[in-house]
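# Residue-level structure breakdown
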Amino acid sequence: MFDLDRWREIFQSINKNRLRSVMSGFTVAFAILLFTLLFGVANGLGNFFKGAFADDAQNSMFVRVWKTSKPYKGLQTGRRVQLRNDDYNFVADEYEDKIQYQSARIYKNFSIKYKSEANTYNIRAVNPDHQFLEKTIIDDGRYLNERDLKEKSKVLVIGRLIKKDLFGEKVALGKRVNVNGSSFLVIGVFSDEGGDNEERIAYMPVTTAQSMYGNNDYISQINLGYNPNLSTDAAIAFGKKMERELRKRMDIHPDDQSALSVRNMAEANKFISTVMLALTLIIGFIGSGTLIAGIIGISNIMIFVIKERTKEFGIRKALGAKPSSIVGMVVQESVLITTLAGYAGLTLGTYILSLIGNSLEEDYFIKDPSVGSGIVIGATVILIISGLIAGYLPAKKAANIKPIEALRAD
Amino acid sequence: MIKIENLHKSYPIGKESLHVLKGIDLHIKEGEFVSIMGSSGSGKSTLLNIVGLLDVHDEGNYFLNGQLIKDMNEKKAALLRNKFLGFIFQSFNLISYKTAVENVALPLYYKGISRKERLEIALDYLDKVGLKDWAEHLPNELSGGQKQRVAIARALVTKPKVVLADEPTGALDSTTTDSVMDLLKDINDEGMTVFVITHEEEVAEQTKRIVRLKDGRIISDELTKASKAV
């Protein structure tokens, strides 16, 4: 219902009582400003935590091996454990439905040479899925594919910084480089959010490495991405089970952590989500406290305002105003002020957060602080409702005072 | 127009109860110009408040325009006040942040008349009380007499059946008192029932009928010279 006359009355009342309107507006605006900043900063902390693990996929698992530290089944300690293609295939077959991505990894350290430029780099021999496990971003060309593996192609995907070292500004794609004496074709250039070290790496097919360097089926490490449909707890259980099975398969003592272990991001995820939950609860508690303080503030001001206006209401009633029209007028005014002021606080808060941006990331672990539209809408709804209540309760009371008593009020 | 039978009213004061009106019988016909006289505490304001539906009585019957006033809720009372009654108060009771013409137009707002129309009507009535040039002034820019004339214009703007004036001249000097009384006489001459409460003999003498109240009872009810002169 849009009643132009009603709005005119309200604007006149607000305009003629500026101090009062500004005071009540300020309370709300300030509460919402604090609320916005608080949530923004909390989100910033959360973003930082998430960003700290941005290098690898969130669902990564690594199977890694070293030397045994416990005797088992007559085998001595100090035995070097070696993962092989069989183990890789065992994991792939056994846990097919629990795995989204899988890749072997062999570490090499070779010199790569192009024309007169040469340097030693870490080289990883991997499967095509490795791209998703490491969140490798292809800038130019392509990543390794199944055909490269099958044909044991001598192809190389080089990091952005290797390309910079060897080729400078020139094109690297399609050029041949010398890797430890053999000629490899550069088929792609990548970048990685994990930092400079992750961009001074080259990838080659795992089969190529196995046939060229030792002609065996050894692999250094198995990287997995667990099925994202698994819950965190299910993923942790999967990791534990796989660890047990692999130890059993390789005659390793069931508790020998330093012989074979599965590092599971699900465990880190669980830790982070626990921390984030705690943070959210604390922020939610303080944030809603701030909001409630704001609401109580405006309610107090409204009570005072209505007391001040009791006589006016008495006059209006003597002139024929129904109680409902007085309640309506006050509520509408209150909702208008809370909504406008709240919106102002929200806008200011969002603006301040955008000014902060990433400037606090280094020292305070706050990255890209901002509030989501859900919070914004929720806070606005709470404001409107609180404006309603803050106006309605005292207005209802004032409107029901007998006009004769209202007129006597000063 | 106004018929009151055996009206009682008491106010609770702590545990005690103060019996203010002790059985009032009063009949005011349409077009009368009546003043209620009495010292303070005689119950005259209480009587006016009950007549004006600003307060409720405890016992007895009150008929306004033939309608029995009983079990009034605020909404019904508001409608009746807006339709039948116009109020003039001793302390004017203008809304301080509204201009003279807006104050006069306010009852019409509650009648649901459009803004343009009600400002036109309000200006007409301000003209009638001689304040057309002051229409855009706020109450605190007006003298006491001017304020009371604005209040009178406001009381008249809905063309009420009865105008109720509670010590309308109480806050005014003698010159402005006369001009306000002249206005009330004019209103009465136009056929409106006027009901004045006062403690000033000079004011009461200008009305046509004086009802004297003492300790919550009517002690005399007589027509004045002014009424005989007509």
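All residue numbers refer to positions counted from 1 along the written sequence of the respective chain. Following the order in which they are written, the chains are lettered starting with A and the ligands numbered starting with 1. Confidence filtering applies because this is a predicted model: local features only for residues at pLDDT of at least 70, side-chain atom pairs given and counted only at 80 or more, and all residues used for totals across whole chains, interfaces and linings. Excluding hydrogens and water, the side-chain figures rest on all heavy atoms present in the structure.

In the nomenclature of an unreviewed UniProt entry, chain B is known as ABC transporter ATP-binding protein of Polaribacter aestuariivivens.

Chain A carries the name ABC transporter permease in an unreviewed UniProt entry, which gives Polaribacter aestuariivivens as its organism. Among the UniProt annotations of chain A, the heading Subcellular location (unreviewed entry) holds the following wording: "Cell membrane". UniProt positions are given in the numbering used here, feature names are shortened, and annotations may be inferred rather than shown by experiment. Chain A has a UniProt comment under Sequence similarities (unreviewed entry) that states "Belongs to the ABC-4 integral membrane protein family."

Next up on the list: the sheet that holds strand β8 (residues 193-198) of chain B. Residues and elements named next belong to chain B. With mixed pairing, the 6 strands of this open sheet are ordered in space as β6-β7-β8-β3-β9-β10. Each edge of the open sheet carries a strand with a single partner, namely β6 (85-88) and β10 (217-223). Along the sheet, successive strands turn relative to each other by an average axial angle of 15 degrees, direction set aside. As paired elements, β6 and strand β7 (residues 162-166) share 4 bridges and run parallel to each other. Bridged to phenylalanine 87 within β7 is leucine 164. In this fold helix α2 (residues 74-84) packs onto β6 and β7, with an angle of close to 80 degrees to the strand it touches most, β6. Each of β6 and β7 is contacted by helix α5 (residues 144-156), which is oriented at about 170 degrees to β6, the strand it contacts most. A pair of strands counts as paired when DSSP detects no fewer than two bridges linking them. Only DSSP runs of H or I reaching four residues or more are called helices, and only runs of E reaching two or more are called strands; each is numbered from the N terminus. Simply put, an axis is a line fit to the C-alpha atoms, just over the touching stretch for a helix, and the angle between two N-to-C directions goes from 0 to 180 degrees. Contact criterion: two residues are considered in contact whenever any of their non-hydrogen atoms come within 4.5 Å of each other.

Pairing of aromatic rings covers Phe, Tyr and Trp, the last counted by its six-membered ring, and requires centre-to-centre distances within 6.5 Å; plane angles under 30 degrees mean stacked, over 60 mean edge-to-face, and any other angle means tilted. Taken as a whole and assessed by the stated rule, the structure comprises 12 aromatic pairs over all chains. With centroids separated by 5.7 Å and ring planes inclined at 55 degrees, the aromatic side chains of tyrosine 143 of chain A and tyrosine 203 of chain A adopt a geometry described as tilted. With tyrosine 143 of chain A in the loop between β5 (137-141) and α5 (146-150) and tyrosine 203 of chain A in strand β9 (residues 201-205), this pair connects stretches of sequence that are 60 residues apart. Across this residue pair, the class does not change: tyrosine 143 of chain A and tyrosine 203 of chain A are buried. Among the aromatic residues, those joined into a ring-pair cluster are Phe90, Tyr95 and Phe238 of chain A. Charge-over-ring placement is defined geometrically: NZ (Lys) or CZ (Arg) within 6 Å of the ring centre, and within 35 degrees of the ring normal. The residue whose ring lies beneath lysine 128 of chain B is tyrosine 125 of chain B, and the NZ or CZ to ring-centre distance is 4.5 Å. Accessibility here uses a 1.4 Å probe with only protein chains present; expressed as a share of the type maximum, an area under 20% marks a residue as buried, one over 50% as exposed, and anything in between as partly exposed.

Turning to the UniProt feature "transmembrane region" (unreviewed entry) in chain A, a few remarks are in order. The feature "transmembrane region" (unreviewed entry), as annotated in UniProt, sits at residues 21-42, 275-305, 326-353 and 373-393 of chain A in this numbering. Split by type, residues 373-393 of chain A is 100% helix and 0% strand. Its first and last C-alpha atoms lie 30 Å apart.

Let us look at the environment of alanine 259 of chain A. All names here are of chain A. Tracing the chain through its elements places alanine 259 in the loop between α8 (232-249) and β12 (260-264). Judged by its relative accessible area of 0%, alanine 259 falls in the buried class. With 190 residues separating them in the primary sequence, alanine 259 and serine 69 have C-alpha atoms 6.6 Å apart. Non-local contacts of alanine 259, meaning those with residues more than four positions away in its chain, are made with Arg64, Val65, Trp66, Lys67, Thr68, Val81 and Ile252.

We now examine the pairing of strand β8 (residues 182-191) of chain A. All names here are of chain A. Burial analysis of β8 places 8 of its 10 residues in the buried class, the great majority of the element. Across 4 bridges, the pairing between β5 and β8 is antiparallel. If you follow aspartate 140 over to β8, its bridge partner there is valine 189. By the bridge criterion, 5 bridges tie strand β6 (residues 155-159) to β8 in an arrangement that is parallel. The residue of β8 that forms the bridge with leucine 156 is valine 186. Pairing geometry for strand β7 (residues 176-179) and β8, over 4 bridges, is antiparallel. Its bridge partner lying in β8, asparagine 178 is registered against serine 183. What sits between the antiparallel neighbours β7 and β8 is a turn of 2 residues, in which asparagine 180 has the positive phi angle 50 degrees.

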